[in-house]
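Working through the structure, step by step
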Amino acid sequence: MLEKLDLGLTLTKEEYQKRMPPLQRRLHRLQRECAEVQLASAVIFEGWDAAGKGTSIRKLTQRLEPRAFKLHSITPPRTFEKHLPWLWRFWAKIPNWGEMAIFDRSWYGRVLVERVEKLTSEPEWRRAYADINSFERALAEDRYVLVKFFLHIDKKTQKKRFKKLESDPLTRWQVQEEDWRHHRTYGEYLIAIEEMLERTETEWAPWTVVEARDRRWMRVKIFEALAARLEEALAVRKRAAAEAKEKRGASPGKDPAAEAVSSAAPTTPTLGTVDMDRRLERPEYRKTLLPLQLELRELAYRLYVEQRSMVVVYEGWDAGGKGGNIRRVTERLDPRGYEVYSIAAPKGEDWTHQYLWRFWRRLKAPQEKQILVFDRSWYGRVLVERVEGFAKPHEWKRAYREINDFERQLLDTGTILVKFWIHIDEQEQLRRFEARQKTPHKRWKITDEDWRNREKWDAYVAAVNDMLLKTSTLRAPWTIVEGNDKLYARVKTLRTLVEVLQGELGKKGKK
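What counts and how
- Residues numbered from 1 in each chain as written.
- Predicted model: local features only at pLDDT ≥ 70, side-chain atom pairs only at ≥ 80, totals over all residues.
- Heavy atoms only, no water.
- Helix = DSSP H or I, 4+ residues; strand = E, 2+ residues; numbered from the N terminus.
- Buried < 20%, exposed > 50% of the residue type's maximum accessible area, 1.4 Å probe, protein only.
- Contact = heavy atoms within 4.5 Å.
- Areas by Shrake-Rupley, 256 points an atom, 1.4 Å probe, with all protein chains shown as cover.
- pLDDT = per-residue confidence, 0-100.
- Pairing = 2+ DSSP bridges.
- Axes fitted to C-alpha atoms, helices over the stretch in contact; angles between N-to-C directions.
- Core = buried A, V, L, I, M, F, W, Y, C linked by side-chain atoms within 4.5 Å.
- Phe/Tyr/Trp six-rings, centres within 6.5 Å; stacked < 30°, edge-to-face > 60°.
- Expected span 1.5 Å × (residues − 1).
- Bend = angle between axes of the 7 residues up to and from the residue.
- Salt bridge = Lys/Arg side-chain N within 4 Å of Asp/Glu carboxyl O.

Here the focus is the overall build of the protein chain. Looking only at helices and strands, the protein chain has 19 helices and ten strands in total. Seen through its principal axes, the protein chain has C-alpha atoms that stretch 85 × 60 × 40 Å. Among the 511 residues that make up the protein chain, the fraction classed as buried is 53%. By sequence separation, contacts in the protein chain at least 24 residues apart represent 82% of the contacts at least 6 residues apart. Accessible area of the protein chain: about 25,100 Å², with a carbon and sulfur share of 51%.

The next subject is the confidence of the model for the protein chain. Close inspection of predicted coordinates is inappropriate in any region flagged by low pLDDT. In the predicted model, the protein chain carries a mean pLDDT of 92, and the fraction of residues at 70 or more is 94%. A low-confidence stretch, residues 251-269 (pLDDT under 50), is modelled with 25 contacts involving residues beyond four sequence positions or located in other chains. Here residues 507-511 is modelled with pLDDT under 50, and outside its nearest four sequence neighbours on either side it reaches twelve contacts, counting other chains as well.

Strand pairing in a sheet relies on backbone hydrogen bonds. The paired strands run either parallel or antiparallel. If you walk across this open sheet you meet the five strands as E7-E8-E6-E9-E10, and the pairing is parallel. Edge positions in the open sheet fall to strand E7 (338-342) and strand E10 (478-482), since each of these has one partner strand only. Ignoring strand direction, the axes of neighbouring strands in this sheet form an average angle of 20°. Here strand E9 (residues 416-423) pairs with E10 via five bridges, running parallel. In the strand pairing of E10, His-423 is matched with Glu-482.

With parallel pairing, five strands are arranged side by side in an open sheet as E2-E3-E1-E4-E5. Edge positions in the open sheet fall to strand E2 (69-73) and strand E5 (207-211), since each of these has one partner strand only. Averaged over neighbouring strand pairs, the angle between their axes works out to 20° when direction is ignored. Relative to E5, strand E4 (residues 144-152) runs parallel, the two being bridged by five bridges. Among the inter-strand pairings, His-152 is bridged to a residue of E5, identified as Glu-211. In this fold helix H2 (residues 53-61) packs onto strand E1 (40-47), E2, strand E3 (100-104) and E4, with an angle of close to 155° to the strand it touches most, E1.

A few words on the nonpolar core. Residues Trp-107, Phe-149, Trp-378 and Trp-421 are the most contacted members of the largest nonpolar core, which totals 117 residues. Excluding anything up to four places from it in sequence, Trp-378 contacts Val-311, Val-313, Tyr-355, Leu-356, Phe-359, Ile-403, Phe-406 and Glu-407. By size, the runner-up hydrophobic cluster in this structure holds 31 residues, among which are Leu-289, Phe-420, Val-498 and Leu-501.

Summed over all chains, the structure comprises 27 aromatic pairs. Summarising the aromatic geometry, the rings of Trp-317 and Tyr-460 are spaced 6.5 Å apart at their centres and angled 70° between planes, so their arrangement reads as edge-to-face. With a gap of 143 residues between them, Trp-317 in the loop between strand E6 (310-316) and helix H12 (322-330) and Tyr-460 in helix H18 (residues 457-471) connect regions that are remote in the sequence. Taking relative accessible area as the criterion, Trp-317 reaches 6% and is therefore assigned buried. Residue classification places Tyr-460 among the buried positions, given a relative accessible area of 10%.

When the terminal C-alpha atoms of helix H5 (residues 122-140) are compared, their 28 Å separation across 19 residues agrees well with the 27 Å that a helix rising 1.5 Å per residue should span. Along its length, H5 reaches its greatest deviation from straightness, about 25°, at Ala-128. Every buried residue of H5 is listed here: Trp-125, Ala-128, Tyr-129, Asp-131, Ile-132, Asn-133, Ser-134, Phe-135, Glu-136, Ala-138 and Leu-139. In this structure, the buried residues of H5 make contact with helix H3 (88-91), helix H4 (113-116), E4, helix H8 (186-199) and helix H15 (393-412).

Two side chains bearing opposite charge may form a pair once their charged atoms approach each other closely. Following the criterion strictly, the structure yields 47 salt bridges and no others. The salt bridge partner of Glu-15 is Arg-19, with a shortest N-O separation of 4.0 Å. With a gap of four residues between them, Glu-15 and Arg-19 both fall in helix H1 (residues 13-36), about one helical turn apart. Since its relative accessible area comes to 25%, Arg-19 is described here as partly exposed. Linking Arg-213 and Asp-154 is a salt bridge whose minimum nitrogen-to-oxygen distance equals 2.5 Å. In this pair, Arg-213 is assigned in the loop between E5 and helix H9 (215-250) and Asp-154 in the loop between E4 and helix H6 (155-167), connecting sequence segments 59 residues apart. With a relative accessible area of 39%, Arg-213 lands in the partly exposed category. Looking at Asp-154, the relative accessible area reads 18%, which means it is buried. Put simply, Arg-26, Arg-29, Glu-33, Glu-231 and Lys-238 are held in one network by salt bridges that share partners.

Okay, here's the thing in structure tokens:
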């Protein structure tokens, strides 16, 4: 592919001066229009050393609104970042809706520098292609447009530029021994680049390869390509908004919950197979609880020693007993080693990003916290957001794939993932709701929203069954906890955590 590029393309100074100012004004206008419709953009610059990434970025940012973009210069991952999924540090940098992020190098370092310099293993960098495509697709299917540039020069031009930089005391620092080493392995990098372009060229995030020998030609091509991509994305977003408005006007009063159920395929009644009569007498509960808690505490110390992380997800019905269950799991743990996140409706920056962003940003390296507990989680996308109509059908349907990809990346890093659905039946929920209303110190737990959700019980059952069937994988299965009896549910979750950790950490002991 690269060998077919015409690196002899040039632009005269007069033509450049004629074309560049209108392009700068055009991009400034497009930046403002993107902000108005809450369309985010990620502009990625990859390319050879000395190809002109820095000067191109400087030229690009000169006329942009500085409050609406952020520049990220990517360096090798820090020590703690190596213990997290490798895309974590890039998820943390995606922009708010309506803003722009510019990346001077990016996640493609995994399949370029890290590959050629053997900083990561072959299975890791090969797996990274799937991770990258999944990451970019998740963004592109939300409110993001990705614009990817690769700046290409030949080996002879690169050497000439290195020599010129070294000849000037003011620019000599820009050429390091690492740059010359990359130059000597130009052929190896060329193979890696060709594969990268081929494996990550997608309809949602295509590459623009830029002939970068002539700097004027390079800058004009970058500006024109960026403007075209933004204009295309704006047109799509405005058209979708108009269609949505027309659809709302054509079907007033439509019940989103009914729409969610009718659009779902028939599913196996997973919840219907659960034995809800399971009970544990209090004497047996007291006898069993403390040993399991102490065993969990010991295993949590092993997590710290082995620098492993565990993520525990709690989903379940309102009044299902998640809070009390979590309290019994954590009450004997060292509070320095765990953190509990109570997930509610997104606010602030959590609202102005792709929905998985707020969960990525809450991940922590095991040096900081070994156990993360999510009281509700990313599964809200396919539960409450689906049933209540906060997510459109095409959004929650694709979320199964996005969630499975997210969890796979956690597992690939060595994170232990345990997922609980705390299940109670409809009659037990009603009994608990009424008991809360009659108990003054528990009355705050029951809201009008809880009663409203209860009216959609069948819609939620359909959503839960879909979730269990489509996101219970061999490496990240769901554990359905029979929760009509809180004592039984608490012991089951503790025992499950102990058994999972014993298997993962290779520890034999009590069960």
